[in-house]
Number of protein chains: 2
Amino acid sequence: MEVYSSHISRLIGSLSSLPGVGNKTAQRLAFHILDMPEEDVRKLSESIIDAKLNVRYCKECYTLTDEEVCPICRNPQRDHRVIMVVENSRDLAAYEKTGRFEGVYHVLHGAISPMLGIGPGDIKLKELMTRISETDVEEVIIATNSSLEGETTAMYIAKLLKPVGIKVSRIASGVPVGGDLEYIDEVTLLRALEGRTEL
Amino acid sequence: MEVYSSHISRLIGSLSSLPGVGNKTAQRLAFHILDMPEEDVRKLSESIIDAKLNVRYCKECYTLTDEEVCPICRNPQRDHRVIMVVENSRDLAAYEKTGRFEGVYHVLHGAISPMLGIGPGDIKLKELMTRISETDVEEVIIATNSSLEGETTAMYIAKLLKPVGIKVSRIASGVPVGGDLEYIDEVTLLRALEGRTEL
């Protein structure tokens, strides 16, 4: 016999399909939702389907947005000649929150990973090349993650852009600010050493 | 400027109102939802509002169900003279999953907590007393949590039921099965000692 009624089971099932949500967490969330005021539950439910139905790729930078062109690409105050290449919209948001980057972005929606069978054709690389060929670009800053996949992607993009004659840079890799050396892995420590700057 | 488009921000906002979901987790969940097939997103969205609109209290045991009387209370095979009192529907589910309890339940929807200002009138205690006075009950097993609130509630119920002349029992408290003594707190160890049984 089912322990929960069918509506509750169905809710628990849906919630546990989310990443990082196991069966126990799904149960906790489900009962919390049942305890919430109906108005709030309706808002939660609607915000989920509304986001899915209304969000699409910006036709310039491919970030997720609800307009044809995202607010960043539409902003004439931004320097459209400097493009920062990131893996996904969350990484864009992370840099955007610093409030100090004046250029625009290009969202790849992934990174090259032979292990997972993700090749250059599976991410928005062709779109980046088209964009560079059509607009006046001075510098491409590669801000993919400092993982094997991110580094592979960075190298690949750098190689692609070399013949085009555009300045290509890579964000620095090293000890995070506030990081305690003794807890930092060796690869990062070596990276920090290699990338040292003169004072 | 908003980093995310309004629909995404609204989704992140709704998700981060859930328990145990901070801003970072909400972002991760939101982007996962945007990546899901539309059909799955629709199911998730609907399961949330459907559960809220269709789930109510069983009119006998007050567990959350989508019918007037829950399947357990409706089941003639269950022993309706033995009532296990639990704090919430999740605790009911936990015992139900053991598959070995043959009686029925009573869900309090909380526990007495002077700290949080939850008194006996705020949980389904009056309903328990009414139910006991109206039906033929042999034993009430108190299975509230082994916390301060759970224990207070257990004592309170035991006191209420004493004059009624019904057998009242409390589930055992002690070392969990598979538990390693050295990692178990002192209070539990003392409880286990007090509650020792002869072999």
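Each chain has its residues counted from 1, following the order in which its sequence is written. Chain labels run from A onward and ligand labels from 1 onward, assigned in the order the entries are written. Since the coordinates come from a predicted model, pLDDT governs what is reported: local features require at least 70, and pairs of side-chain atoms require 80 or more to be given and counted, while whole-chain, interface and lining totals use all residues. Heavy atoms from the whole structure form the basis of all side-chain values; hydrogens and water molecules are not counted.

## Quick word on the nonpolar core
Phase 1: Among the buried residues, those of types Ala, Val, Leu, Ile, Met, Phe, Trp, Tyr and Cys that are joined through side-chain atoms within 4.5 Å form a nonpolar core. Exposure classes here rest on a 1.4 Å probe applied to the protein chains alone. A residue is buried below 20% of its type maximum, exposed above 50%, and partly exposed in between. A:Leu15, A:Ile33, B:Leu15 and B:Ile33 are the most contacted members of the largest nonpolar core, which totals 44 residues.
Phase 2: Of all the elements in the fold, those that place two or more residues in this core are α1 (6-15), α2 (23-35) and α3 (38-54) of chain A together with α1 (6-16), α2 (23-35) and α3 (38-54) of chain B.
Phase 3: Should any heavy atoms of two residues lie within 4.5 Å, those residues are counted as being in contact. When residues no more than four places from it in sequence are discounted, the contact partners of B:Leu15 are A:Leu44, B:Val21, B:Ala26, B:Leu29, B:Ala30 and B:Ile33. Here a helix means four or more residues in a row that DSSP labels H or I, a strand means two or more in a row labelled E, and each is numbered from the N terminus.

## A look at the sheet that holds strand β5 (residues 139-142) of chain A
Residue and element names in this part refer to chain A.
Phase 1: Two strands are said to pair when DSSP picks up at least two bridges between them. Taken in spatial order, the four strands of this open sheet run β4-β3-β5-β6, and their pairing is parallel. Looking at the sheet topology across the chains shown, the edges are occupied by β4 (103-107) and β6 (167-170). Along the sheet, successive strands turn relative to each other by an average axial angle of 25°, direction set aside.
Phase 2: Direction of pairing for strand β3 (residues 79-86) relative to β4: parallel, over a ladder of five bridges. Bridge pairing in β4 places Val86 opposite Val107.
Phase 3: To get an axis, a line is fitted to the C-alpha atoms, and for a helix only the part in contact is used. The angle between two axes follows their N-to-C directions and goes from 0 to 180 degrees. Running at roughly 145° to β4, helix α6 (residues 125-134) makes contact with β3, β4 and β5 of the sheet.

## Topic: the interface of chain A and chain B
Phase 1: Tallying the contact residues gives 52 residues for chain A and 52 residues for chain B.
Phase 2: Once two parts are put together, the accessible area they lose, assessed with a 1.4 Å probe and summed over both, is termed the buried area. Summed over both sides, the interface of chain A with chain B buries roughly 4,900 Å², with 70% coming from carbon and sulfur.
Phase 3: Of all residues in chain A, A:Ile48, A:Lys52 and A:Arg90 bury the most surface against chain B, accounting for 13% of the area lost on that side.
Phase 4: One speaks of a salt bridge when a side-chain nitrogen belonging to Lys or Arg is within 4 Å of a carboxyl oxygen belonging to Asp or Glu. B:Asp50 is the salt-bridge partner of A:Arg10, the closest N and O atoms lying 3.2 Å from each other.

## As for the sheet that holds strand β5 (residues 139-142) of chain B
All names here are of chain B.
Phase 1: Taken in spatial order, the four strands line up as β4-β3-β5-β6 in an open sheet, and their pairing is parallel. Of all strands in the sheet, those with a lone pairing partner are β4 (103-107) and β6 (167-170), marking the two edges. Across the sheet, the axes of successive neighbouring strands diverge by a mean angle of 25°, strand direction being ignored.
Phase 2: Packed onto the sheet, helix α5 (residues 89-98) meets β3 (79-86) and β4 and runs at close to 160° relative to β4.
Phase 3: Sheet strands touched by helix α7 (residues 148-161): β3, β5 and β6. Its angle to β6, the strand with the most contacts, is close to 170°.

## Focus: the relation of the copies chain A and chain B
Phase 1: Alignment of copies: least-squares fit on C-alpha atoms of residues with pLDDT of at least 70 in both copies. For the pair chain A and chain B, the best superposition has an RMSD of 0.0 Å and corresponds to a rotation of 180° with a translation of 0.0 Å parallel to the axis. In short, the pair behaves as if placed about a two-fold rotation axis. Of every C-alpha in chain A, the one belonging to A:Ser45 sits nearest the axis of rotation, 2.3 Å from it.
Phase 2: Mapped onto chain B, 100% of the interface residues of chain A are again interface residues, and the two copies thus contact each other with one and the same surface.

## Overview of the packing of α1(B) against α2(B)
All names here are of chain B.
Phase 1: Remark: α1 packs on α2, axes separated minimally by 8 Å, with the N-to-C direction vectors making an angle of 125°. By the angle between their directions, the pair α1 and α2 is classed as oblique. Crossing of α1 over α2 shows right-handed handedness. Judged by residue contacts, Ile8, Leu11, Ile12, Leu15 and Ser16 of α1 engage Asn23, Ala26, Gln27, Leu29, Ala30, Phe31, Ile33 and Leu34 from α2.
Phase 2: Residues are grouped as follows: Ala, Val, Leu, Ile, Met, Phe, Trp, Tyr, Cys and Pro are nonpolar; Asp, Glu, Lys and Arg are charged; all remaining types, including Gly, are polar. Its residues placed into classes, the contact of α1 with α2 shows ten nonpolar, three polar and no charged. Note on angle classes: values under 35 degrees are labelled roughly parallel, values over 145 roughly antiparallel, values of 65 to 115 roughly perpendicular, and the remainder oblique. Left-handed describes a crossing in which the near helix is turned anticlockwise from the far one by less than a right angle; the clockwise case is right-handed.

## Description of the environment of B:Arg100
All names here are of chain B.
Phase 1: Its place among the elements puts Arg100 in the loop between α5 and β4.
Phase 2: Look at Arg100 and you get exposed, because its relative accessible area is 71%.
Phase 3: Considering only alpha carbons, one finds Arg100 and Val86, 14 residues apart in sequence, at a separation of 16 Å.

## Re the pairing of β5(A)
The two faces of the sheet receive side chains in turn, since in a regular strand these alternate between them.
Residue and element names in this part refer to chain A.
Phase 1: Both faces of β5 are covered, namely the face carrying Glu139 and Ile141 and the face carrying Val140 and Ile142.
Phase 2: For β3 and β5, the ladder comprises four bridges, and the chain directions are parallel. Paired with Met84 across the two strands is Ile141, which belongs to β5.
Phase 3: Looking at chain direction, β5 and β6 are connected through four bridges and run parallel. Looking at β6, one finds that Ile142 is bridged to Arg170.

## Considerations on a nonpolar patch on the surface
Phase 1: Taken together, the side chains of A:Val175, A:Leu181 and A:Leu189 define a hydrophobic patch exposed on the protein surface, amounting to about 220 Å² of accessible area.
Phase 2: Tracing the backbone shows A:Leu189 in helix α8 (residues 186-194). Each patch is assembled from residues with relative accessible area greater than 30% and no salt bridge, linking like charges that lie within 9 Å and nonpolar side chains (Val, Leu, Ile, Met, Phe, Trp, Tyr) that lie within 5 Å. Accessibility throughout is a Shrake-Rupley quantity obtained with a 1.4 Å probe, and a residue counts as covered only by protein chains that appear here.

## Side note on the confidence of the model for chain A
Predicted coordinates in regions of low pLDDT should not be interpreted in detail.
Residue and element names in this part refer to chain A.
Phase 1: What pLDDT reports is the predictor's confidence in each residue, on a scale of 0 through 100. Per-residue confidence for chain A gives a mean pLDDT of 90, with 99% of residues at or over 70.
Phase 2: When pLDDT is averaged over each element of chain A, β4 comes out on top at 96 and α8 at the bottom at 83.
Phase 3: This prediction of the complex comes with two scores: 0.74 for pTM and 0.75 for ipTM.

## Section: the pattern of salt bridges
Residues and elements named next belong to chain A.
Phase 1: Evaluation of the coordinates by the stated rule reveals 20 salt bridges over all chains.
Phase 2: Residue Glu138 pairs with Arg81 through a salt bridge whose shortest N-O separation is 3.3 Å. Of this pair, Glu138 sits in the loop between α6 and β5 while Arg81 sits in strand β3; the two residues are 57 residues apart in sequence, bridging distant segments of the chain.
Phase 3: According to the relative accessible area criterion, Glu138 is partly exposed, its value standing at 45%.

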